[in-house]
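# What the coordinates show
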Amino acid sequence: MKFLVFSDQHEDSAALAELLKRAKQKDIDFIICAGDFTEFGRGMRNVFKRFNSLKKRLYIIPGNHEERESFEEIVKDYEYITSFDRKVFKKGEYVFLGYGGDGFSVKDPEFRKVSREWYGKYNGQKIVLVTHGPPAGTKLDILGDRHVGN
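Structural notes, computed from the coordinates. (Residues numbered from 1 in each chain as written. Predicted model: local features only at pLDDT ≥ 70, side-chain atom pairs only at ≥ 80, totals over all residues. Heavy atoms only, no water.)

### Structural notes on the overall build of the protein chain
Of the regular secondary structure elements, the protein chain holds 4 helices and 9 strands. Reading the protein chain from its N end, one meets helices and strands in the order β-α-β-α-β-α-β-β-β-α-β-β-β. A compact globule built from 150 residues would reach a C-alpha radius of gyration of about 15 Å, and the protein chain, at 15 Å, matches this within 12%. Seen through its C-alpha atoms, the protein chain measures out along the principal axes to roughly 35 × 35 × 30 Å. With 150 residues in all, the protein chain has 41% of them scored as buried. When contacts within the protein chain are restricted to residue pairs at least 6 apart in sequence, those whose partners lie at least 24 apart make up 68%. In the form shown here, the protein chain has an accessible surface area of approximately 8,700 Å², with 50% of it arising from carbon and sulfur atoms. Computed over 26 positive and 23 negative side-chain charges, the separation of the two mean positions in the protein chain equals 6 Å. (Helix = DSSP H or I, 4+ residues; strand = E, 2+ residues; numbered from the N terminus. Rg over C-alpha atoms; globule rule 2.2 N^0.38 Å. Buried < 20%, exposed > 50% of the residue type's maximum accessible area, 1.4 Å probe, protein only. Contact = heavy atoms within 4.5 Å. Areas by Shrake-Rupley, 256 points an atom, 1.4 Å probe, with all protein chains shown as cover. Lys, Arg positive; Asp, Glu negative; His and termini not counted. Charge placed at Lys NZ, Arg CZ, Asp CG, Glu CD.)

Below, the structure is given as structure tokens:
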């Protein structure tokens, strides 16, 4: 199983072209987007239309640049695009858990609640956690001179 993962493309047309080029290659089984594929929601249908045309499954969560409600409604219009925000999908022996949204909250009570439910259900399984927010206190969550992860 081989999958392509991306995040924070922010409607960059050159980056989108490169992602589509790589995603259409035969060795990629499916694609995962961890959010911020738009610039404040602009261009969402364009991105979805282009990925949908590949006829490969795109599993996607919103970032802080996509509004959850409109994102969830628009996803329904595309056959090969699946939201897994606060949801789960399985591929082979792996469980993929998705949690999108704000990437700058140091504490997120909703994530805490959802992750506790997942822990009880998937404890001991091979888990891939896909979030938009980076883990706290790492090199990934430094913005300016401070940590902003969750």
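Next comes the rest of the description.
### Quick notes on the pattern of salt bridges
Taken as a whole and assessed by the stated rule, the structure comprises 7 salt bridges. As a salt-bridge pair, D27 and R22 come within 2.8 Å of each other at their nearest N and O atoms. Here R45 makes a salt bridge to D77, at a shortest N to O gap of 2.9 Å. Separated by 32 residues along the polypeptide, R45 in helix 2 (residues 44–52) and D77 in the loop between helix 3 (68–75) and strand 4 (81–83) bring together distant segments of the chain. Note on R45: relative accessible area 41%, which makes it partly exposed. Taken together, the shared-partner salt bridges in this structure form one network comprising K2, R22 and D27. (Salt bridge = Lys/Arg side-chain N within 4 Å of Asp/Glu carboxyl O.)

### What about the pairing of strand 2 (residues 30–33)?
Burial along strand 2 is two-sided: the residues F30 and I32 and I31 and C33 are all buried. Bridge count for strand 1 (residues 3–6) against strand 2 is 4 bridges, and the pairing is parallel. Among the inter-strand pairings, F6 is bridged to a residue of strand 2, identified as C33. Summarising the sheet, strand 2 and strand 3 (residues 58–60) pair through 3 bridges and their orientation is parallel. The partner of I32 across the bridge, within strand 3, is Y59. (Pairing = 2+ DSSP bridges.)

### Comments concerning the nonpolar core
F6, I31, F37, F48, F51, L58 and I60 are the most contacted members of the largest nonpolar core, which has 22 residues in total. When residues of this core are traced back to their parent elements, those giving at least two are strand 1, helix 1 (13–23), strand 2, helix 2, strand 3 and helix 3. Other than its neighbours up to four places away in sequence, I60 contacts C33, F37, F48, F71, V75, I81, T82, S83, F84 and D85. Counting residues in hydrophobic clusters, the runner-up holds 9 residues, among them F30, A34, F96 and V130. (Core = buried A, V, L, I, M, F, W, Y, C linked by side-chain atoms within 4.5 Å.)

### As for the packing of aromatic side chains
Inspection of every chain in the model, using the stated rule, returns 15 aromatic pairs. A ring pair is formed by F3 and F96, whose centres lie 5.4 Å apart and whose planes are at 80°; its orientation type is edge-to-face. Taken as a pair, F3 in strand 1 and F96 in strand 6 (residues 94–99) lie far apart in primary sequence, 93 residues in all. Here F3 falls in the partly exposed class, since its relative accessible area comes to 29%. Geometrically, the ring pair formed by F6 and F51 is stacked, given 5.5 Å between the ring centres and 10° between the ring planes. Of the two residues, F6 sits in strand 1 while F51 sits in helix 2, which places them 45 residues apart along the sequence. Here the two residues F6 and F51 agree in accessibility, since each one is buried. The ring of Y99 has R86 lying over it, and the distance from NZ or CZ to the ring centre is 4.1 Å. When the ring centre of F30 is taken as origin, the NZ or CZ atom of K91, which lies over that ring, is 5.0 Å away. (Phe/Tyr/Trp six-rings, centres within 6.5 Å; stacked < 30°, edge-to-face > 60°. Lys NZ or Arg CZ within 6 Å of the ring centre and 35° of its normal.)

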